[in-house]
Amino acid sequence: MKRKQTLQVNVGWVLIWGWAPVVIQSMTNTPTRDVFATTMQIKELVEAGSELVRITVNDDNAARAVPKIVKNLRDIGISVPIVGDFHYNGHLLLNKFPELAESLDKYRINPGNVGKWEKRDDNFRQIIDCAIKYNTPVRIGINGGSLDDDLLSANMDENSQLENPKTAGEVFIDSMVESALLSVEKAIEYGMPENMMTISVKMSDIQDMVKCYTMLSKKTQQPLHLGLTEAGWSAKGITASSIALGLLLQQWIGDTIRVSITPEPDAPRALEVDVCKYILQTMGIRNFQPLITSCPGCGRTSSDKFQILSKQISDEISAKYIEWWDKYEDFTSTNIAVMGCIVNGPGEAKNADIWIFLPGDGEDPVIPVYVRGKPYRNLKWDKVYEEFMEILVDYFEKKI
Ligand code: SF4
């Protein structure tokens, strides 16, 4: 274990710290006041593999809905811890609705959004008092877009007086870290136990975000929640998040992760959970489900059949994720390769447990499947998907 040994923070039954697996979390985008829609989306996120789910608590209606959502989840057997996301009025809502305060497993506080001027400390203290009263951990969630103006201005002024001033970007990063550490210190001063706080310092620029978390990691023992905020749309968001989180995880920084991509309209919300799983699994940090290696196709590819087959296998594995995770011992660690031709396929797929090669342009029209490096069976064109899935299940059941 090379990961930094951060303090253990218990969020419901989930442990976040340096000795536990890196925890995947996600966030809903349904109106929290809509109890049914939010319950269903949390179910979708959990079924995809989310281990914590955060929901916005922005007004009275949302506050009233939270205990109902939590009850619904528990009634259908979902025990995922629920995190309440608060901005501006968190202190009011938590005090006005004790059932809300009690039903949540963690409160997310953004110190830049708890109030202005002299009210800031008092509002922050009220949330910390609730957390202590209900024995609920908090995340001190600093966000580059809402960094405490007073702190940043004071630091910029002080920097400008220096003989060799830092760049504005460097002062900004210093201020993000300082804001996080000051908030933790203040919470401890108000009576919050040290092992009930995680920290995040999210920003949308990858280089700044990596510098910020790297600096913070050297200065605190609190578990770190990693995230590139406002990562962007679709492929850009996935790429940026993967690079940002990957650079930090590679340094063994980070105890829990969330990917904040803008989903395509009507795309499943669970995409952000899938991206988290792929980041951790492709980096060799955690295993979740079989990884499918497939080639991009080229001039040797004779049809789009291998692309369709890759997608069909991937979709079936995702659909059976929970059932097969429980049922098959080797499910999480199996590697599958789907290749578009036989010429380079064996070399490209040599690390897979099960390989299938579709015939490329000019090759014999046979579809060989290899298991653990040895030829196993040739499949028929018209039933290639069905026959391959039978082989895969036989492999999981250790029949082959
Ligand atoms: S495996 Fe064959 S079809 Fe696929 S990219 Fe390589 S050469 Fe092309």
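What counts, and where the lines are drawn
Residues numbered from 1 in each chain as written. Predicted model: local features only at pLDDT ≥ 70, side-chain atom pairs only at ≥ 80, totals over all residues. Helix = DSSP H or I, 4+ residues; strand = E, 2+ residues; numbered from the N terminus. Buried ≥ 20, exposed ≤ 12 C-beta atoms within 10 Å, placed from the backbone. Contact = placed C-beta atoms within 7 Å. Pairing = 2+ DSSP bridges. Axes fitted to C-alpha atoms, helices over the stretch in contact; angles between N-to-C directions. Domains from an automatic or database assignment. Parallel < 35°, antiparallel > 145°, perpendicular 65-115°, else oblique. Left-handed = near helix turned anticlockwise from the far one by under 90°. Nonpolar A, V, L, I, M, F, W, Y, C, P; charged D, E, K, R; others polar.

Chemist: Would you mind going over the overall build of the protein with me for this structure?
Modeler: From N to C terminus, the protein includes 14 helices and 17 strands. Here the C-alpha coordinates of the protein stretch approximately 80 × 60 × 40 Å along the principal axes. In the protein, which comprises 400 residues, the share counted as buried stands at 42%. Counted over contacts in the protein with a minimum sequence separation of 6, partners at least 24 positions apart contribute 66%.

Chemist: What's the story with unusual backbone geometry in this structure? I'm lost.
Modeler: Keep in mind that most residues, glycine aside, have a negative phi and that most peptide bonds are trans. A positive phi angle, close to 45°, is found at Ser-234, a residue other than glycine. Within the element layout of this structure, Ser-234 appears in helix H9 (residues 234-249). The class of Ser-234 is partly exposed, set by 13 C-beta atoms lying within 10 Å.

Chemist: Explain the sheet that holds strand E15 (residues 354-357) to me, please; I cannot follow it from the model alone.
Modeler: Strand pairing within a sheet occurs via backbone hydrogen bonds; the two strands may be parallel or antiparallel. In spatial order, the strands read E13-E14-E15-E16-E17; together these five strands make up an open sheet with mixed pairing. Of all the strands in the sheet, just strand E13 (291-294) and strand E17 (374-379) have a single pairing partner and so form its edges. Taken pair by pair, the neighbouring strands of this sheet meet at an average axis angle of 20°, ignoring direction. Sheet topology note: the E15/strand E16 (residues 367-371) ladder contains three bridges and is antiparallel.

Chemist: Is there a simple way to think about the domain arrangement of the protein in this case?
Modeler: The accessible area lost on association of the parts is a frequent measure of interface size. What the domain assignment reports for the protein is domain 1 (9-282) and domain 2 (291-396). Relative placement of domain 1 and domain 2: their C-alpha centres are 39 Å apart.

Chemist: Looking at this model, I keep getting lost on the sheet that holds strand E11 (residues 256-257). Mind explaining?
Modeler: Strands sit in the order E8-E7-E6-E5-E4-E3-E11-E9 across an open sheet of eight strands; the sheet is parallel. Two strands lie at the open edges of the sheet, namely strand E8 (197-202) and strand E9 (225-226), each paired on one side alone. In the sheet, strand E6 (residues 106-109) pairs with strand E7 (residues 138-143) via three bridges, with the strands oriented parallel. If you follow Ile-109 over to E7, its bridge partner there is Ile-140.

Chemist: Got a minute to help me understand the packing of helix H8 (residues 206-219) against H9 in this structure?
Modeler: Two quantities define a packed helix pair, namely the angle between the axes and the distance from one axis to the other. Across the interface, H8 lies against H9 with an axial gap of 10 Å and an inter-helix angle of 25°. For the element pair H8 / H9, the angle class is roughly parallel. When the axes of H8 and H9 are compared, the crossing they make is right-handed. Facing H8, whose interface residues are Ile-206, Met-209, Val-210 and Tyr-213, H9 presents Ala-240, Ile-243, Ala-244, Leu-247 and Leu-248. Residues that form the contact of H8 with H9 fall into these classes: nine nonpolar, no polar and no charged.

Chemist: When you look at the environment of Ile-279 in this model, what are you seeing that I'm missing?
Modeler: Tracing the sequence through the fold places Ile-279 in helix H10 (residues 271-282). Of the residues examined, Ile-279 has 24 C-beta atoms within 10 Å and is grouped as buried. Separated by 20 residues in the primary sequence, Ile-279 and Val-259 have C-alpha atoms spaced 9.8 Å apart. For Ile-279, the residues in contact, after removing those within four places along its chain, are Ser-242, Leu-245, Gly-246 and Ile-257.

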